[in-house]
Amino acid sequence: MNPPEELPAWKEELDAIVGARAHGQFEEIFPRLQKLDVRYPHVAEINYQLAWTADVLGRMNDALPYYEKAVALGLPPNELSGAMIGLGSTLRQLGQLDRSADVLRSGKLQFPDNAEFDAFLALTLHAQGNHADALRLALEILCDTSEDTGITAYQRALRHAAAKL
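What counts and what doesn't
- Residues numbered from 1 in each chain as written.
- Predicted model: local features only at pLDDT ≥ 70, side-chain atom pairs only at ≥ 80, totals over all residues.
- Heavy atoms only, no water.
- Helix = DSSP H or I, 4+ residues; strand = E, 2+ residues; numbered from the N terminus.
- Buried < 20%, exposed > 50% of the residue type's maximum accessible area, 1.4 Å probe, protein only.
- Lys, Arg positive; Asp, Glu negative; His and termini not counted.
- Salt bridge = Lys/Arg side-chain N within 4 Å of Asp/Glu carboxyl O.
- Contact = heavy atoms within 4.5 Å.
- Expected span 1.5 Å × (residues − 1).
- Core = buried A, V, L, I, M, F, W, Y, C linked by side-chain atoms within 4.5 Å.
- Phe/Tyr/Trp six-rings, centres within 6.5 Å; stacked < 30°, edge-to-face > 60°.
- Lys NZ or Arg CZ within 6 Å of the ring centre and 35° of its normal.

Enquirer: What exactly am I supposed to notice about the side chain of Asp55 here?
Expert: Relative to the helices and strands, Asp55 is located in helix H3 (residues 44-56). For the buried Asp55, no salt bridge exists, and the shortest N-O distance to an oppositely charged side chain is 8.3 Å, to Arg92. Once residues within four sequence positions are removed from consideration, Asp55 is found in contact with Met60, Ala63, Tyr67, Gly86 and Thr90.

Enquirer: Sorry, what's going on with helix H4 (residues 60-73) here?
Expert: Three- or four-residue spacings in an α-helix give side chains the same orientation, since the helix completes a turn every 3.6 residues. With 14 residues, H4 should reach 20 Å at 1.5 Å per residue; the first-to-last C-alpha distance of 20 Å fits that figure. Taken as a whole, H4 has its buried residues at Met60, Ala63, Leu64, Tyr66, Tyr67 and Ala70. Here the buried face of H4 lies against helix H2 (26-39), H3 and helix H5 (77-93). Gly74 lies just past H4 and shows a positive phi near 100°.

Enquirer: What's the story with the nonpolar core in this structure? I'm lost.
Expert: Most often, soluble globular proteins keep nonpolar side chains buried together rather than apart. Formed by 38 residues in total, the largest nonpolar core has its most connected members in Ile46, Tyr67 and Leu75. Sorting the residues of this core by element identifies helix H1 (11-21), H2, H3, H4, H5, helix H6 (97-110), helix H7 (116-127) and helix H8 (131-145) as the ones contributing at least two each. Apart from residues no more than four positions distant in its own chain, Ile46 is found in contact with Trp10, Leu14, Leu33, Leu36, Asp37 and Tyr40.

Enquirer: Teacher, can you tell me more about the packing of aromatic side chains here?
Expert: When we look at a pair of aromatic rings, we describe it by the centre distance and by the angle of the planes. Scanning the entire structure with this criterion turns up four aromatic pairs. One residue, Arg59, lies across the ring of Phe30, its end atom 4.4 Å from the ring centre.

Okay, structure coming up:
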């Protein structure tokens, strides 16, 4: 029998802070996360939680460097996917549309089964003025992911129309 793995020193505190977020205490936990980041400045998970919290608070300029650092430091796949969605979305909201598209396309390459990358990319394409490409991508996502009987019944027609955009 293997001995239980010892958790990193920061993990229990991060879990407690994130648990408080479940109760809607976003403003209260942001400074707590910042203090934890000062003590453990090279932990991707802390930076991701800082980015996510700043994002929820509508503080995109604060969220951006935390997303960038979290991705650069390396996250487990599940969290990396979420961080890349957050980064791409934040870049779009800040008007950095080319970077947003690059991040979202990179995320789609790394996580080809995650349709959310295409959905957020459609938003970025729309913001760039590429309305036909955005609508085409949105219709493809709809056809690929919908279980609605009406959508599935007309899937062939929708795909045909999307291809003509």
